[in-house]
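Chain residues, written in single-letter form:
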Amino acid sequence: MFSNEYLKQRMAKAEKLKENGINPYGHFAKRDTKISEFLQKSKDVENLENKRDETKKFTVAGRVKFLRLMGKAAFFKIEDESGILQVYMSKNDLGDEFNVLKKTLEVGDIVEVTGYPFVTKTGELSIHASSVRILTKAIHPLPEKFHGLQDVETKYRQRYLDMIMDINTKNRFKTRSVVVSSVREFFIKHGFLEVETPMLHTIVGGANARPFMTHHNALDIDMNLRIAPELFLKRLIVGGFEAVFELNRNFRNEGIDYTHNPEFTMIEFYWAYHTMEDLMNLTQKLFDFLFEKLNLPKQLEYGDMIIDFDKWKKITYKDALVAIGNVPEDILDDVEKMKKYLKDSGVEVEEHIDNRGKLWAELFDEFVEAKLINPTFITEFPIEISPLARRSDENPEFAERFELFIAGREIANGFNELNDPLDQYERFKAQLEAKAKGDEEVMDMDYDYIRALQYGMPPTAGEGIGIDRLVMLLTNAHSIKDVILFPTMKPKQDNKEDI
RNA sequence: GACCCGUUAGCUCAGUCGGUAGAGCAUCUGCCUUUUAAGCAGAGGGCCGUUGGUUCGAAUCCAACACGGGUCACCA
């Protein structure tokens, strides 16, 4: 612990500060100006004859990011949340204080600087220090300044360091915060009520996924972290709330990869007396709202794609297979022909995929999904792959369901809700049968939810949007870990004391 | 879960054919009052991811394991 050579050297400097009457972890900050404010208020200085304004006095603070010590003067840069500022200090101005700083000040330290604005020979607006105080001594050296922190594992495990070293990281998470608050603002503006339903469940439901299990000691019952809030939100519709949303974490005990984290953020919203058509319109409005809030171009860069948010499309599942996937129309009602087509295309189809809907899904995943770059609503889903959606009255082969695809990826999933209690009961029973056969990603029977439907849920449309993936799209992030502040990582077992 | 790649100083990275562990930045000592990856002179700093194997000898070859990344499969 604290045995590294660099830490020892820096701790010795902290001791030296104490010897000079300075607490290396003091608490006497007197900052009166953020760096961005300083730069804004001082920008006229370069028009002055001697390029300085000694009548002004500001106190700024931040972390030292660069340090250039000379014999009797020094330049360094400090960064706060708002920006970065160069400081000039000299022995002439600081006297003995300069000598102490010269021996103790290092990159990484948090300092407070009082002084006046001036412009250097090379034209950089800076602060000429009359006083420099170390507020917090950093004893762990920062990564090298030119390349910064490159190791992705360290960026995820030590996010604080990633934030110190990479302005893009800070900006990306600021954007995430704006997205989350804007989504809230949008739904509240449209008359939705934000609600909080339980995260500790006693029944697994609302999605098909394996849950995290835990135990409540006082009640002596097993509980699971929720995989979705859906069934509680729809109970609220039964209760009389007509538009509700919940924007919070779901937990699924599944694999981790660049689009999956065990805890992830979803917004689910339910709208009584509305239809999936209304949801699609609302979704498009939500994107318009976000683009305005974030000041993003409608032709958005994502990876090597350009996504045109002025060109929304709506197409049925079947038309997408034919027009976008180039699947021959005459095979779409023939299970054997579809199997042969997939096989001839080099796609291996598992044996249990034996009905029309599942084969359409195979064809869709293989030939369509990756081509849906611009925002596209896919409608008229096969009933076989839509267990929670209402069956179409006009055409019982289809579910009243849509999905939104952007950048070849599913972004949203919505449908007219099933509100027939008997039908819902049968579908829960089918889940139990699948569980008996060994399927672990199934819902439990929720008798209370059936009872709620017995009281009557008005015609309702509901939708879910994955917030993490939405932020990935809007920040051009490749991995979900890049938009989650502290992504789930396997702990390292090596010497924990050796920090 | 499968396959591929990575792991060497605080950080970014070299390391040839198996033969005493390297650079830049950072750090330490000295010099330097307008620097922009500042400069000059000198110095210190290593469980080469872990364990085992082959070998006279392993950072290097082999195996297993650990952690991470990428691609595929499944999922949101």
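Further up the page is the structure itself.
(A) Seen up close, the overall build of chain A. Counting its secondary structure elements, chain A contains 15 helices and 18 strands. Overall size of chain A, expressed as C-alpha extent along the three principal axes, is 90 × 55 × 50 Å. Considering chain A as a whole, with its 499 residues, one finds that 47% of them fall into the buried category. Put simply, 66% of the contacts in chain A that link residues at least 6 apart link residues at least 24 apart. Counting only carbon and sulfur atoms, one obtains 50% of the accessible surface of chain A, whose full area is about 25,900 Å². Of the side chains in chain A, 69 bear a positive and 85 a negative charge, and the two mean positions are spaced by 9 Å.

(B) Quick look at the sheet that holds strand 4 (residues 110–119). Read around the closed barrel, 5 strands run 1-2-3-5-4, paired in mixed fashion. Going across the sheet, the axis of each strand differs from the next one's by a mean of 55 degrees, ignoring polarity. Alignment of strand 1 (residues 58–69) against strand 4, held across 6 bridges, turns out to be antiparallel. Across the sheet, residue T59 finds its bridge partner in strand 4, namely T114.

(C) Representation of the pattern of salt bridges in the model. In total, this model carries 35 salt bridges according to the counting rule given. It is possible to trace a salt-bridge network through shared partners that takes in R10, K13, E106, D109 and K137.

(D) Structural view of helix 12 (residues 356–367). The end-to-end C-alpha distance of helix 12 is 16 Å, a good match for the 16 Å that 12 residues give at a rise of 1.5 Å each. Among the residues making up helix 12, those that are buried are R356, G357, L359, W360, A361, L363, F364 and F367. Looking at where helix 12 begins, the residue whose side-chain oxygen comes 3.2 Å from the main-chain nitrogen of G357 is N355.

(E) Quick look at the nonpolar core. Membership of the largest hydrophobic core comes to 47 residues, with the highest contact counts inside it found for F187, I267, F269, F287, F309, I406 and L473. For this core, the leading source of residues is helix 9 (residues 276–294), giving 10 residues. Look past the residues within four positions of I267 in its chain and what remains in contact with it is V183, F187, F245, E246, L247, E463, G464, I465 and I467. Within the second largest apolar cluster, 24 residues are counted, among which are I315, Y317, L321 and F381.

(F) Layout of a nonpolar patch on the surface. On the surface, a nonpolar cluster with roughly 280 Å² of combined accessible area is contributed by M163, L485 and F486. Among the secondary structure elements, L485 is positioned in the segment after helix 15 (467–475). On the basis of relative accessibility, which here comes to 37%, the residue L485 falls in the partly exposed class.

(G) Here's a closer look at a negative patch on the surface. Together, D319, E329, D330, D333 and E380 make up a negatively charged patch on the protein surface. On the secondary structure map, D333 appears in the loop between helix 10 (317–324) and helix 11 (335–344). Take D333: its relative accessible area is 61%, and that puts it in the exposed class.

(H) Structural context of unusual backbone geometry. For A407, which is not a glycine, the phi torsion comes out positive at approximately 55 degrees. Along the chain, A407 turns up in the loop between strand 16 (398–406) and strand 17 (409–416). On the basis of relative accessible area, A407 is assigned to the buried category, the value being 11%.

(I) Spatial organisation of the protein's contact with RNA strand B. Around RNA strand B, the surrounding shell holds 54 residues, and the nearest of these are Q9, R68, T122, H260 and K490. Taking all atoms of RNA strand B within 4 Å of the protein, the share assigned to sugar and phosphate is 51%. A distance of 3.3 Å is found between a sugar or linking oxygen of RNA strand B and a backbone nitrogen or oxygen belonging to G148. Every element with two or more residues in the surface near RNA strand B is listed here: helix 1 (5–19), strand 1, strand 2 (73–79), strand 3 (84–90) and helix 5 (152–157).

(J) Fine view of the packing of aromatic side chains. Tallying each qualifying case throughout the model produces 23 aromatic pairs. Between F187 and F269, the aromatic rings sit 4.4 Å apart at their centres with planes inclined by 45 degrees, giving tilted as the arrangement. With F187 in helix 7 (residues 167–189) and F269 in strand 11 (residues 263–272), this residue pair connects regions lying 82 residues apart in the sequence. On the numbers, 6.3 Å between centres and 65 degrees between planes, the contact of F309 with W312 is edge-to-face. Residue F309 shares its accessibility class with W312, and that shared class is buried. Taken together, the ring pairs connect F186, F187, F192, F245, F269, W271 and F289 into an aromatic cluster.

(K) Representation of the pairing of strand 18 (residues 460–466) in the model. Here strand 18 lies mainly inside the structure; 7 of its 7 residues are buried. Along strand 18, one buried face is formed by T460, G462, G464 and G466 and the opposite face, lined by A461, E463 and I465, is buried too. In the sheet, strand 11 pairs with strand 18 via 7 bridges, with the strands oriented antiparallel. Its bridge partner being in strand 18, Y270 is matched across the sheet by G462.

Definitions and limits used
- Residues numbered from 1 in each chain as written.
- Chains lettered and ligands numbered in written order.
- Predicted model: local features only at pLDDT ≥ 70, side-chain atom pairs only at ≥ 80, totals over all residues.
- Heavy atoms only, no water.
- Helix = DSSP H or I, 4+ residues; strand = E, 2+ residues; numbered from the N terminus.
- Buried < 20%, exposed > 50% of the residue type's maximum accessible area, 1.4 Å probe, protein only.
- Contact = heavy atoms within 4.5 Å.
- Areas by Shrake-Rupley, 256 points an atom, 1.4 Å probe, with all protein chains shown as cover.
- Lys, Arg positive; Asp, Glu negative; His and termini not counted.
- Charge placed at Lys NZ, Arg CZ, Asp CG, Glu CD.
- Pairing = 2+ DSSP bridges.
- Axes fitted to C-alpha atoms, helices over the stretch in contact; angles between N-to-C directions.
- Salt bridge = Lys/Arg side-chain N within 4 Å of Asp/Glu carboxyl O.
- Expected span 1.5 Å × (residues − 1).
- Polar contact = N/O pair within 3.5 Å; in protein donor to acceptor, adjacent residues only side chain to side chain.
- Core = buried A, V, L, I, M, F, W, Y, C linked by side-chain atoms within 4.5 Å.
- Patch = residues over 30% accessible without salt bridge, like charges linked within 9 Å, V, L, I, M, F, W, Y side chains within 5 Å.
- Near = heavy atom within 4 Å.
- Phe/Tyr/Trp six-rings, centres within 6.5 Å; stacked < 30°, edge-to-face > 60°.

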